[in-house]
Amino acid sequence: MRFPEGFLWGTATSAYQIEGAWNEDGKGPSIWDTFSHTPGRILNGDTGDIACDHYHRYREDVAIMKRLHLGAYRFSISWPRVLPAGKGAVNPAGLDFYDRLVDELCRQSILPVVTLFHWDLPQALEDDGGWANRETAKWFAHFAAIVARKLGDRVGLWITLNEPLAFVLAGYIFGIHAPGKQDPQVALQVSHHLNLGHANAVRALRETVRGARVGITHVSMPVYPASEREADLLAARRADGFVNRWFWEPSLTGRYPQEVWDELGPFAPRLEAGDEEALAAPIDFFGHNSYTRMVMRDEPSIPIVRAAQVRQEGRPHTDMDWEVYPQHLFDALTRLHRDYGPIDIYITENGAAYRDEVQDGRVHDEQRRLYLEAHLREAARAIAAGVPLRGYFCWSLLDNFEWNFGYSKRFGLVYVDYPTQTRIIKDSGLFFAEVATNHGLLADKQP
Ligand code: GCO
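The rules behind these values
Throughout, residues of each chain are indexed from 1 in the direction in which the sequence is written. Local features are withheld for residues below a pLDDT of 70 in this predicted model, meaning they are given only at 70 or higher, and side-chain atom pairs are given and counted only at 80 or more; totals for whole chains, interfaces and linings count all residues. Based on all heavy atoms of the structure, the side-chain values leave hydrogens and waters out of the count. For helices the rule is a DSSP run of H or I covering at least 4 residues; for strands it is a run of E covering at least 2, with both sets numbered from the N terminus onward. Type-normalised accessible area, obtained with a 1.4 Å probe on protein chains alone, sets the label of each residue: buried when under 20%, exposed when over 50%, and partly exposed for intermediate values. Residue contacts follow a heavy-atom distance rule, with two residues in contact if any of their heavy atoms lie within 4.5 Å. Helix span, expected: 1.5 Å multiplied by one less than the number of residues in the helix. To obtain the bend at a residue, axes are fitted to the seven residues ending there and to the seven starting there, and the angle between these axes is taken. Any residue with a heavy atom lying within 4 Å of a molecule or strand is counted as near it. Polar contacts, as counted here, are pairs of nitrogen or oxygen atoms within 3.5 Å of one another; within protein the pair requires one atom able to donate a hydrogen and one able to accept it, and residues that are adjacent in sequence qualify only if both atoms are side-chain atoms. Using only the protein atoms, space was sampled on a 1 Å grid; points where a 1.4 Å probe fits but cannot get out form cavities, open sets with protein on both sides within 12 Å along at least five of seven lines form pockets, and lining residues are those with an atom within 4 Å of a point. Those molecules having more than half of their atoms within 2 Å of a cavity or pocket grid point set are described as sitting in that cavity or pocket. Polar here means any residue outside two lists: the nonpolar Ala, Val, Leu, Ile, Met, Phe, Trp, Tyr, Cys and Pro, and the charged Asp, Glu, Lys and Arg; Gly therefore counts as polar.

K.L.:
Mind showing me how you'd approach the environment of Gly88 here?
P.N.:
As for its placement among the helices and strands, Gly88 is situated in the loop between helix 4 (79-82) and helix 5 (92-107). A residue is classified by how much of its surface remains accessible, and Gly88, at 53% relative accessible area, is exposed. Considering only alpha carbons, one finds Gly88 and Val435, 347 residues apart in sequence, at a separation of 45 Å. The residues contacting Gly88, other than those within four sequence positions of it, are Leu83 and His142.

If you want it as structure tokens, here you go:
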């Protein structure tokens, strides 16, 4: 089973999760520095202060990508490393780091794919209200233009935001991610400002880099009803409306889905004159992140969606307790293509956390290899069904800081021994290298 010529094979990371050097060379603090330094917020008291020390070890990590025959690398830019106060003076050393990283990638013929916002907002902007302040949508475009001026001649794909849903849900409703708030009203207003920021950044990137290919990355989990009961069918529809359509449609259609807007009732965001028009900023591709599916039942006590997830007992789960359901990928990709037309799609994240052990200098992570193989088969099936899928980025290149779980969850194709920062390519990494080399799975090798 093969993938089309020109299909991009890559891995994905994010600045706060791998770089470390949290306060080096002029970098300003981000909300994740503040959050992880707050006792009780992160498992085991872990922080991103050092992480995978990628800020110093990036050449070694790019060499590993080359060893894995990867043609692309998705990484994010730390906004406060470039603009310590989020606006105003640029930190030359911060921009220079990304300039050197991009040069190293190009030297190894690896296409740089840049995410501009992967949740690490400058603390200085948070002190002014953060994304709850609509001015942040303006400063985001300002940041985008500065980065694009420096890197635009070599970056292949620009992703404005990573997973606005996850940022809003975890950071403003559940309060388990930075900035650690629990206010649904503010959460929905933040989602609107993120959409404005995305659209402003799309315009800024197009004005700065002629021919820029610009998109956004969303979580896109297919939602299934827990039963055929009317109440569960409606619950699944409400959940799909909030989790998927509310966040996708401003960037795909330029407006909010009316059905979801009506469901939000008093939680609906306040728009200002001109906002609807400002949201319309056509994109060149859709970045799709998914790992599993959602199975939802009616649950009136849950605010806004009035739905709750039903754990699929008896089915395999990863170390994140996410059900392994490979078909979700085919269902998600074909639905996107069916409902939103021929826009190019990149899988910008897919992968699995499992408990890994080093044995004689190797990591035999067969479960992760099986997960990847099964999901790649579904991706190939989607292409065969006509989905314009243009690339697959495995989450993640390295084991890294998994947000509130700290370093307790390992997603990497490459094992990181944190005390020594030693990297060990896992068996799944060798498998992925084979897939990238052969543009697909070799003849079905029985596991
Ligand atoms: C996300 C983020 C990543 C996570 C990964 C595993 O999708 O939540 O983009 O930063 O680490 O998805 O949870």
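K.L.:
Can you walk me through helix 10 (residues 230-253) in this structure?
P.N.:
Here helix 10 contains 24 residues, and its C-alpha end-to-end distance of 29 Å is more than 12% below the 34 Å for a straight helix at 1.5 Å per residue. At Arg245, helix 10 shows its strongest bend, of approximately 45°. The element helix 10 is largely enclosed, with a buried count of 17 among its 24 residues. Two residues or fewer after helix 10 comes Gly254, characterised by a positive phi angle close to 85°.

K.L.:
Would you take a moment to explain the site of the ligand for this structure?
P.N.:
Close contacts around the ligand come from 13 residues, with Gln17, Glu163, Tyr291, Glu349 and Glu402 the closest. Taking Gln17, its side chain carries an N or O atom lying 2.7 Å from an oxygen atom of the ligand. In the environment of the ligand, an oxygen atom lies 2.7 Å from a nitrogen or oxygen atom belonging to the side chain of Glu402. The cavity that encloses the ligand is the largest pocket. The class makeup of the residues in the shell around the ligand is six nonpolar, four polar and three charged.

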